[in-house]
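# Chain and residue survey
Residue-level listing of the chains:
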Amino acid sequence: MSVELHIEKHLGQTLINKQFIGTGLFDAYKVTLDDGNHVFIKYQSSANQQLLSENSALSILNKIIHTPKVLGNCEHCLILEWIETEHNINIQSQIGVELAKLHQNTHNYFGFEFDNYIGQTPQYNGVGKYISDWSMFFWEFRLLFQIELAKQNNYLNAQNYKQLLSVEKILPNLLDINITPILLHGDLWSGNVLSEKNNPYFIDPASYYGHYEADFALTFMFGGFSNDFYNSYTTIFPLKKGFDKRKPLYMLYHYLNHLNIFGYSYHTNVMDCYGRIAEVTRFG
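Our subject in this report is the structure included herewith. (Residues numbered from 1 in each chain as written. Predicted model: local features only at pLDDT ≥ 70, side-chain atom pairs only at ≥ 80, totals over all residues. Heavy atoms only, no water.)

Our next topic: unusual backbone geometry. Of note, the phi angle at Asn-154 is positive, near 65 degrees, even though the residue is not glycine. Its identity is not glycine, yet Asp-204 carries a phi of approximately 50 degrees, on the positive side. Mapped onto the secondary structure, Asp-204 falls in the loop between strand S10 (200–202) and strand S11 (208–210). (Helix = DSSP H or I, 4+ residues; strand = E, 2+ residues; numbered from the N terminus.)

Rendered as structure tokens:
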């Protein structure tokens, strides 16, 4: 079924015009409807669960922070309200406030009620396992999965593989704090926050309940977040002692994912994170 037919099926309107917007994972369009309004649609010809999972996560986050409203969804498409981006002088501090608001939502267990994706990589969330040990969850469902995938993809030699597997024994020392399962965006880089004139709008989540510090990893890796963001967040939700020591641990997960998606150019970043993790453990 075409984009045009999906618009008619889900919205009961006619597509007047569509403008292609590249996102990398899906065909994405800004669509003009016959009533003059605009919507955003992600479309894939091959059916899978990815857009259904994104719809579910957006619907959860939308009850807490600003996300585009879901107007229609199926295995082939996700239709969202169109957010008109504008310069907003307060955007960075507003992102911090909204993220802190999100992170005040807790759960009894780590993971999520459904699996989803981090980029194009499956992200398994321990569905139905009721995991209360963050160290175990982060190792088994985050790092180990990505390490094994990188080995299968021939991005790690035997020594690299052995070094990364040794992180399992390091985790209890790095994560020797009381960690509450907290609702995360999961894929928080600058491209996943839109600047609207009054508010930030969060898009493309890879949500689950985890350690709130994990949501900062991508903000350190690829930039786009100013001191106003961090300051407004910590005013509401102060960071715990040892935050800087744990940063490379959470960055490792995303660098491994980038290694598996984009290739060997991220190998140095992966092994640099490993080195920093090992150094923190060695010297305290």
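So, next bit.
Bringing the packing of aromatic side chains into the picture now. Overall, the coordinates contain 27 aromatic pairs when judged by the stated rule. Measuring from ring centre to ring centre gives 4.8 Å for Phe-216 and Tyr-233, while their planes differ by 85 degrees; the resulting arrangement is edge-to-face. Separated by 17 residues along the polypeptide, Phe-216 in the loop between S11 and helix H7 (217–222) and Tyr-233 in helix H8 (residues 227–236) bring together distant segments of the chain. For Phe-216, a relative accessible area of 1% corresponds to the buried category. Overall, the relative accessible area of 1% leaves Tyr-233 in the buried class. (Phe/Tyr/Trp six-rings, centres within 6.5 Å; stacked < 30°, edge-to-face > 60°. Buried < 20%, exposed > 50% of the residue type's maximum accessible area, 1.4 Å probe, protein only.)

Moving on to the side chain of Asn-55. Take Asn-55: it is sitting in helix H2 (residues 50–61). For Asn-55, the contacting residues outside a window of four places in its chain are Val-70, Asn-73 and Leu-78. (Contact = heavy atoms within 4.5 Å.)

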